[in-house]
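Notes for the structure review
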Amino acid sequence: MNILPHTYTRLANEAIRAAQAAGDLPDFTPPELEIKPSKRAEQGDYNVAVMPLAKLAKRKPLEIAEAVAKHIMAVDSVGKVEVAPPGYINFFINEDWLRAQTEQIIAEGDDLFALALGDGQRAQVEFVSANPTGPLTVGRSRGAVVGDTMARLLEAAGYSVQREYYFNNAGAQMRVLGNSLRTRYLEALGQSVEIPDKADKSKPFYHGDYLKDLGQQLAAERGDALTGEDWQPFKAYGEQYIFEMIRSSLQRIDITHDNFFNENSLYESETVWKVLADLEARGYVYRAVAAEGDEQADAPDELPADQAVATAETNGKGEAVWFRSTQFGDDKDRVMVKSSGEPTYTLPDIAYHVDKLERGFDVLINVLGADHAAQWKVVQYGLRALDQDGDKLNVILMQLVKLLRDGKEVRMSTRMGEFETLDDLVEQTSADAVRYFLLARDHNSHLNFDLDLAVKQSNENPVYYIQYAHVRCAGIFREAALRGVTDEDADLSLLGEAELRFLRKAFELGEVIELSVRNFEPHRIAFYALELANVFHPIFDGVRVLHSEVPPEVARARLRFYRAAQIVFRRTLRLMGMSSPDHM
RNA sequence: GCCCCCAUAGCUCAGUGGAUAGAGUGUCGCCCUCCGGAGGCGAAGGCCCAGGUUCGAGUCCUGGUGGGGGCACCA
C-alpha cells in the first residue's frame, strides 16, 4: 500500500529540480523537503513549507512555492495542489482514487500496510528479561507489552523479528530464592522456622505468597524427603515453577518469546572471557584497587565502623579489573571482574550483546526500565571498544510505572512480596485493557496505572470504544446477511464525504507503522487506534446501510466500505496484540 | 553533589521546527421510531517561569522552579 507522504515528498523534490531545469528557479542545491500531514482540511491533506529555500533561491517563499507547484507531476493519488502564503504547498488527495482504494484495503486484508522498510533485515527485540524470582510485576508488564508491540510493528514493516528473553539463574538472588522456598517448605511441614523481618535488609528473603503456595505444594508432593537438602534443589524447583508462571502470564496477554537466553551459556561458551581478553588486547582494561583518577575511592577511615567492616568484607581491598569506559564518554570506569575473581554483571552483559551481533541481527532493541539507564550505555561503550557497531543497539527506556489504588501510590517490591502482578491486572480488567493501558503512553512518560479506574472504567474506556467500532462493522454484516444484501460489484463512486474522512484516516496507518518503527515508539499505534475510532463512530451514526431510504446500490457501496473499515480495525487491534470481537 | 527523564485543559495524556495546540475522562446543555446506547452533537477550559536560536518554538539551546529515576568490586 502506498504511503502518501512518500509519494508527495518525491513529487515535491522532483518539482524543485524541474523548476530549476526550466529556469523558473535559480540554480542552488536544494535540501530535501519533507511533506507532512496537514492539521486543517483547507490546508490540504499534506503540505510542505518552502520557506527554508528562500535564502538559497533569493526569492520570496510564495514565489518559490508557485514555481515548484507548477512543476509537480500529475499522478493518480494527487487531486489538486494549491499554494498558500507565506510559502506552503498543499496537496489534496484525489478523492476518486481514495474511494477506489477501498478495494485495495480489502485485498490486503490482514496484511494491510505491510511495508518493506525492513527489507527482510533481521531485528531482535529483547524484553521482559526478568530473573525467575517471582511473578511479573506491573513495571515488567509494561516492558512486556511495549516490547511485543514493537516486535509486531517491526514485522509489519518488513523485518524478520526474534523475541528474546535474557535471564540469569545463577546469582545471589537465586540463592535467596532457594533458601526462601526451603524455609516455606519446612514451614509447610509444620517445622518451626524463622521468617526474617521484612524490614531487615541483612536477611534477604522473598516474602511473596507465591512461595508459601509453592512450599505447600512441594510438601504435598515430596513429603519430608527434602528436609536434608540445602538451598539448591529448592532453587531449581522454584526456578522451574516461576518460569512456568511467567510464561503463562505472558501468554494470557498473547506474548510468546522465541528464545530464552541464559546468561550462564556465555560462561559455558567462554564468550565472557574472550570478550575480556579482546578488551584487554585493545588496551581498554587495567587492574587496580580503585578506578584511575579516583582519589577518594577508598577512605574507609571516614566511614562509620560498622560500614567500614562491611565494605572491607564485600569489596575486599584487592585488585579488580576495570574497563576504561571513560574513553567512550562514561562518567567513570567500570569494574568488569571483582577482586574476588567473579565478574560483575557488566562483563556478561557486553558479551551477551557481542553474541547478539554475532548472531547476525541488523537491529537490536532492548526494552528496559529507566533504572537501567546508565547500564546500557556501558554495554554500548563496550561494543565500540570492541570495534563492533554499537549503533545497532537501540533502547526503549521506559519510565517506571506508578500504581495507584484509592488515589494513593502502591509501593512495590518483589522481595517484600508487595506488588500487583500481571495476572492481577488481567483478572481485574482484561487482557485487552492491560495491553492498551500499558501501551498508550510515550515511553519517556511515567505511567500511572490507576487500578480503581482500570477496573471501574472498563465499561467506558478507550479499549471498548475502539473494539466497538469493529463490533459495529461485524453487526452490519450479520444483519445484511439476514436481509440478503451483499457488497458484491459495489460502485465505490457512491461513497460520500463521511466515508472519505475515514479512508483518509485509514491511510495514515502506514505512516504510523513507519514512524513507530523508525523512532522505536510503539505507543503511536495506540493513539492512532483511538483516533481511528473517533473518526469512525460519527460516520457510522450517519452512513447507514440497511435503511429504508438508502437506495440498494448505495447500500452495496457502503457495505463494501464497512468491510474495508472492519479490516482496518482488525489490523490495528492485531498490531497491538488485542482481540477484534464481533460481539460485545 | 553529578547524570537521565518529565512538566500541555479540573484529571490522565497525545502532539515529526511550520498555518488557528488535540484526544479520553470529568462538568454543563442537547439529539437518536428502521444495521448502534459500551452511541451521536455542542459548550466551557491549556503549553511551569525567564532568557536565547530561527523567517517560524509546545517542540531546539541555556538558566531557574517542581516531580520521578539513577549514581556499588548488587543484578
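In what follows, the structure referred to is the one given above.
Residues numbered from 1 in each chain as written. Chains lettered and ligands numbered in written order. Predicted model: local features only at pLDDT ≥ 70, side-chain atom pairs only at ≥ 80, totals over all residues. Heavy atoms only, no water.

The next subject is the protein's contact with RNA strand B. Near RNA strand B there are 67 residues, and of these Lys 338, Tyr 345, Arg 472, Arg 544 and His 547 occur at the shortest range. Between RNA strand B and Asn 448 there is a distance of 2.9 Å, counted from a phosphate oxygen to a side-chain nitrogen or oxygen. Here a phosphate oxygen of RNA strand B sits 2.5 Å away from a polar atom, N or O, in the side chain of Tyr 465. Take the surface near RNA strand B: its biggest share by element is 9 residues, from helix 19 (residues 523–542). For the surface near RNA strand B, the class distribution of residues is 24 nonpolar, 25 polar and 18 charged. (Near = heavy atom within 4 Å. Polar contact = N/O pair within 3.5 Å; in protein donor to acceptor, adjacent residues only side chain to side chain. Helix = DSSP H or I, 4+ residues; strand = E, 2+ residues; numbered from the N terminus. Nonpolar A, V, L, I, M, F, W, Y, C, P; charged D, E, K, R; others polar.)

Glancing now at the sheet that holds strand 14 (residues 408–410). The mixed open sheet is built from 3 strands, whose spatial order is 14-13-15. Sheet topology places strand 14 and strand 15 (447–450) at the edges, where each strand pairs with a single neighbour. Strand-to-strand twist of the sheet, defined as the mean angle between neighbouring strand axes without regard to direction, takes the value 40°. As defined by bridge partners, strand 13 (residues 401–405) adjoins strand 15 across 4 bridges and the pair is classed as parallel. In the sheet register, Leu 403 faces strand 15, and the bridge partner there is Phe 449. (Pairing = 2+ DSSP bridges. Axes fitted to C-alpha atoms, helices over the stretch in contact; angles between N-to-C directions.)

This brings us to the environment of Tyr 267. Checked against the element boundaries, Tyr 267 lands in helix 9 (residues 265–268). With 84 residues separating them along the chain, Tyr 267 and Ala 351 place their C-alpha atoms 9.6 Å apart. If sequence neighbours within four positions are ignored, Tyr 267 has contacts with Val 272, Trp 273, Pro 343 and Pro 348. (Contact = heavy atoms within 4.5 Å.)

It is worth stressing that arrangement in space is one thing and function is another; only the former is reported here.
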